[in-house]
Amino acid sequence: MQRTRLFGLLVLMALLVSVYTLTSSGRFHVIDEVSLFSLTESAALRGAVDTNAIAWTQWVNSPGEVLGAFGPDGQVYSKKGPAPALLALPWYLLLHAITELKVGIGQLQTTLLWNGFVTAATAALLWLVAGRLGFSDRTGMLLGLLFGLATIAWPYANQFFGEPLSAFSLLLLFYALLGWRRHPSWGWMLLAGSAAGLAVATVTAHALLVLVLAGWWLADGLRRRHLATAGWWRAVGAFALPLGVTAFLLAFYNTVRFGHPLETGYHFDAGEGFTTPLPLGLWGLLVSPYRGLFWHTPLLLAAWAAFVPFVRRLRSEGILMALLSAVLIITYSLWWMWWGGFAWGPRFLVPLTPFWMLWLAPVLEQAVHQPRRWARSVSAWLVALLALLSAVVQLAAVSVNFVNYEIALRGLYPTDWNDPLRHPPPAQSLANFLDSPVFGQFKLMAQGGVIHSDLAWLWATGEPAQTTVLWLVVLIGGAAVLTLAGGVLVWWKATSAPHTSAYTIGAPTFVLAAVIPALVISTWAGEVERQPDYGQSGNGYRAILAEICSGVTESDSFVNVAPTYYQIPMNWMPGACQTDIVTLGYALNSLAYPETAQVLEQVARKSDRIWFVTSGVQANDPDNTLERWLADHAYKATDSWYGDFRLLQYATAVRLAGVEATPVNQALLGRRAEQVTVFSARSPSVGLAGKPLPIEIEYRLEAPTDQNLRWFVQLLSGQNIPLALLDSGPNDNYTLFSSLPAREILVERAGLLVPANTPEGDYLLIAGLYNPDDEAARLITIDGPDFVSLGAVRVVKAR
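In short, a report on the structure.

Criteria and thresholds
- Residues numbered from 1 in each chain as written.
- Predicted model: local features only at pLDDT ≥ 70, side-chain atom pairs only at ≥ 80, totals over all residues.
- Heavy atoms only, no water.
- Pairing = 2+ DSSP bridges.
- Helix = DSSP H or I, 4+ residues; strand = E, 2+ residues; numbered from the N terminus.
- Axes fitted to C-alpha atoms, helices over the stretch in contact; angles between N-to-C directions.
- Buried < 20%, exposed > 50% of the residue type's maximum accessible area, 1.4 Å probe, protein only.
- Contact = heavy atoms within 4.5 Å.
- Patch = residues over 30% accessible without salt bridge, like charges linked within 9 Å, V, L, I, M, F, W, Y side chains within 5 Å.
- Areas by Shrake-Rupley, 256 points an atom, 1.4 Å probe, with all protein chains shown as cover.
- Salt bridge = Lys/Arg side-chain N within 4 Å of Asp/Glu carboxyl O.
- Phe/Tyr/Trp six-rings, centres within 6.5 Å; stacked < 30°, edge-to-face > 60°.
- Lys NZ or Arg CZ within 6 Å of the ring centre and 35° of its normal.
- Core = buried A, V, L, I, M, F, W, Y, C linked by side-chain atoms within 4.5 Å.
- Right-handed = clockwise from strand over helix to strand, strands pointing away.
- Lys, Arg positive; Asp, Glu negative; His and termini not counted.
- Polar contact = N/O pair within 3.5 Å; in protein donor to acceptor, adjacent residues only side chain to side chain.
- Parallel < 35°, antiparallel > 145°, perpendicular 65-115°, else oblique.
- Left-handed = near helix turned anticlockwise from the far one by under 90°.
- Nonpolar A, V, L, I, M, F, W, Y, C, P; charged D, E, K, R; others polar.
- Disulfide = S-S within 2.5 Å.
- Expected span 1.5 Å × (residues − 1).

**Points about the sheet that holds strand β13 (residues 692-701)**
Strand pairing in a sheet relies on backbone hydrogen bonds. The paired strands run either parallel or antiparallel. In space, the four strands of this open sheet follow the order β10-β11-β13-β16, with antiparallel pairing throughout. Two strands lie at the open edges of the sheet, namely β10 (662-669) and β16 (745-753), each paired on one side alone. Each strand axis lies, on average, 25° off the axis of its neighbour in the sheet, ignoring direction. Sheet analysis places β10 next to strand β11 (residues 675-682), joined by six bridges and oriented antiparallel. Considered in β11, the bridge of A667 is made with T677.

**Section: the environment of S717**
Structurally, S717 is set in the loop between β14 (710-716) and β15 (722-728). Among the residues examined, S717 registers a relative accessible area of 11% and is labelled buried. Sequence spacing of S717 and Y763 is 46 residues, and the spatial spacing of their C-alpha atoms is 5.4 Å. Residues contacting S717, with those up to four places away along its chain left out, are L723 and Y763.

**Considerations on a nonpolar patch on the surface**
A surface patch of nonpolar side chains, about 600 Å² in accessible area, is lined by L241, V245, F248, L249, F252 and V256. With respect to the helices and strands, the residue L249 is situated in helix α12 (residues 232-258). Exposure remark for L249: the relative accessible area of 47% places this residue in the partly exposed category.

**Details of the packing of aromatic side chains**
Taken as a whole, this structure holds 34 aromatic pairs when the rule is applied. Taken together, F28, F37, W56, Y92, F160 and Y566 form an aromatic cluster joined through their ring pairs. The ring of Y290 has R291 lying over it, and the distance from NZ or CZ to the ring centre is 4.0 Å. Over the ring of W572 we find R542; its NZ or CZ atom is 3.9 Å from the centre of that ring.

**Concerning the nonpolar core**
Judged by nonpolar contacts, the single largest core of 177 residues is most densely connected at F174, L299 and L358. Dropping the residues within four chain positions of it, L299 is found in contact with L146, A150, M357, L360, V383, L386, A387 and S390. Counting 32 residues, the second largest nonpolar core, distinct from the first, contains V664, L668, A681 and W711.

**Comments concerning the pairing of strand β6 (residues 582-585)**
In the sheet, strand β5 (residues 556-561) pairs with β6 via four bridges, with the strands oriented parallel. Bridge pairing links N560 to G585 in β6. In this region the chain leaves β5, passes through helix α28 (residues 567-576) and returns to the parallel neighbour β6; the handedness of that crossover is right-handed.

**Quick look at unusual backbone geometry**
Excluding glycine, most residues fall at negative phi; most peptide bonds, likewise, are trans. A positive phi angle, close to 60°, is found at N620, a residue other than glycine. With respect to the secondary-structure elements, N620 resides in the loop between β7 (609-615) and α30 (625-633). If you check the backbone angles, N665 has positive phi at about 50° while not being a glycine. The topology assignment puts N665 in strand β10.

**Examining the side chain of E365**
Its place among the elements puts E365 in helix α19 (residues 361-369). Within the buried set, E365 has no salt-bridge partner at all; the shortest N-O distance to an opposite charge, 4.6 Å, is to R313. A distance of 2.3 Å separates the side chain of E365 from the side chain of T139, its partner in a polar contact. Beyond its immediate stretch of four places on either side in the chain, E365 contacts G134, F135, S136, T139 and R313.

**Concerning the packing of helix α1 (residues 2-22) against helix α6 (residues 114-132)**
Direction vectors running N to C along α1 and α6 enclose 150°, while the axes themselves pass 9 Å from each other. Of the possible angle classes, the one that applies to α1 and α6 is roughly antiparallel. At the point where α1 passes α6, the crossing takes the right-handed sense. Residues R5, G8, L9, L12, M13, L16, V17 and Y20 of α1 lie in contact with α6, whose contacting residues are G116, F117, T119, A120, A121, A123, A124, W127 and L128. Residue composition of the contact of α1 with α6, grouped by class: 13 nonpolar, three polar and one charged.

**Brief notes about the sheet that holds strand β9 (residues 645-651)**
Across the sheet, five strands lie side by side as β6-β5-β7-β9-β8; this open sheet has mixed pairing. The open sheet terminates on both sides in strands that have one partner only, identified here as β6 and β8 (635-642). Taking the axes of each pair of neighbouring strands and ignoring which way they run, one obtains an average angle of 15° across the sheet. Pairing geometry for β8 and β9, over seven bridges, is antiparallel. From the neighbouring strand, W641 faces β9, where its bridge partner is R646.

**Quick look at the pattern of salt bridges**
Taken as a whole, this structure holds 31 salt bridges when the rule is applied. Look at the salt bridges and you will find they share partners, linking E627, K636, D639, R646 and D732 into a network.

**Overview of the state of the cysteines**
For the structure shown, the criterion picks out one disulfide. Each sulfur in the disulfide pair C549 and C577 lies 1.8 Å from the other. For the disulfide bridge between C549 and C577, the dihedral angle about the S-S bond is near -75°, and by the sign convention the bridge is left-handed. With a gap of 28 residues between them, C549 in helix α27 (residues 540-551) and C577 in the loop between α28 and β6 connect regions that are remote in the sequence.

**A word on helix α24 (residues 471-494)**
Look at α24: 34 Å from first C-alpha to last across 24 residues, which is about the 34 Å you get at 1.5 Å a residue. Regarding α24, the residues found buried are V473, G477, A480, L484, G487, V488, W491 and A494.

Next up, the structure:
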């Protein structure tokens, strides 16, 4: 039976992982996911815990919507519990190793499959828990399938929220306590404490549920006289040890981020907290068409109705689950945003879904052992109908982008986009039941069809819409699901003959069940890289990333002002770049906040080159505070357009540290009485091939002029051939020459990108001015040359 059970667990998980992969969108839905993923990315690539890649999320309309908080160092940190992000690290790093092979799969797209594994593991664990409670393996299989395919666990398996991990960790804690009850040993309690720590590190509020479970264990142990044994204190110590380690690590994590062990980043001063009237929250989570539990998982109507027969059979466990339900539901009914923002159904209740499914176990047990009698009952058909209805609801949830209907609802109900929390969530009254997101999914199907698709292998683009179907994913995925469904039938048949089951299911069948989901994932990942959300190879942002990755070094940093395209570098940069660098994602107005300047100053002190990307913004746009800061503090070397995207390279003052100014003391004279004196210049005596060279020119305008002169800076070969050049107005084109004050010492910052293929040797650095309104005539020195020499530069190859 152990071999048969093992195969059943394997085929159950393989089937669910294949279904979740096939129905994955391969993209984010809600900013909460982005915040967690950004933490995973930072930890995996740089060993850091900041979420600076999405720092722009700090500047939204309502303080309560902010997904992170500033630390004392100005860095942005996620306020989410770290466990979901950090537990995904092995999966992220495995994929990172694969993407670095340049096999054409997206890092972000494939990482988002992670919760599919977590949810599949939870379904398998649900089976094991049912077994611990005395139910058969067939009942366990049915519970796992219903949980995985007929509850809101399915949609959340396809998103990067922490709720799937909460469900797994709490169920694992319960399983370990049941294990200790059967075989009292410190090993079970060590597992229980680890699961409890994982639950708390996922959501701090789940400490209340941990307390309920621990209290139940204590009460159950007293009732059964287990606590009188000599090993009781060892059990308590084994449980407390991982919890204590978790508490220490969380305190350390908080101290690293915010300088205080108890600071989590939540904005209680901005309205976050337990402020909702309890009746309102209870109605919203359980009954309302908008987030009602039973609307989004109709099968739970049967599960809750089955609580009575469950508690008759398992009184202690039933009372425990009722207490867990009461605590979690009341807690989130009081939460200020009980509806969980843009989400599918009551996402805060996902962690208890496997517990509620256990209430169906006695009903399913009867179906397994007395199928003919069970089939004749009305309740049997009601359970089957609700299960089918629930599966259809979940299929609609994963097939159509639910966010589109969330937005549509805001057009039907009072909404203030400048203050989204000003009005309560929509569709709260039963009179508005047709506005429920459950029905909304089908409305979107009828209205737009493929336009609203949330399947990574199906999308529509252009006007009129052109549909794209990745048939290879459909065919292989469909064949895999059918094959694994057949595996379930093989297992079901094998369980009817327990004494011969070891011979019925052979080793090749085990291998096949394990290989099939890997085949589905690899096919899916290789095909969906064409999703339009992630750009087209060789164009736009992706062309920029290829340019960056071709020359990136460890001393570089990447700053962008492209907040609606954050997913493109997240998906392609880890695989394209052999070196992982600091990434900062800001909004146009981010410099209005002191934390941004604080971080940029840190970057400018540590990096010798800053890659800067903007989207849909013209050069020197007055709203682009980031570009203006760089103009004032860095040295622009290149400026190139890639469609609507723009890539700039800046040198920083890092390589000017300790460099003395080189005297020049020459005047440049123009044909229209322009006169500029260049006093000195600072630049490194050694330049690295492939890196920008920072240059400072100290000069003075001797008399006011109405001519808008421009600077040119060049690096000349021995044959006076320009190898690198820059053309710029004063202050990186932010100032007109005609507006400069006369008789004041001024400084012009410039950068030159030394080509990567430049041979090692000595080169001449020159600068000068020309008048674009006077036939581009250059100003000349008294001695005749139309430039001034800024000194020699030795170019070497980067080691």
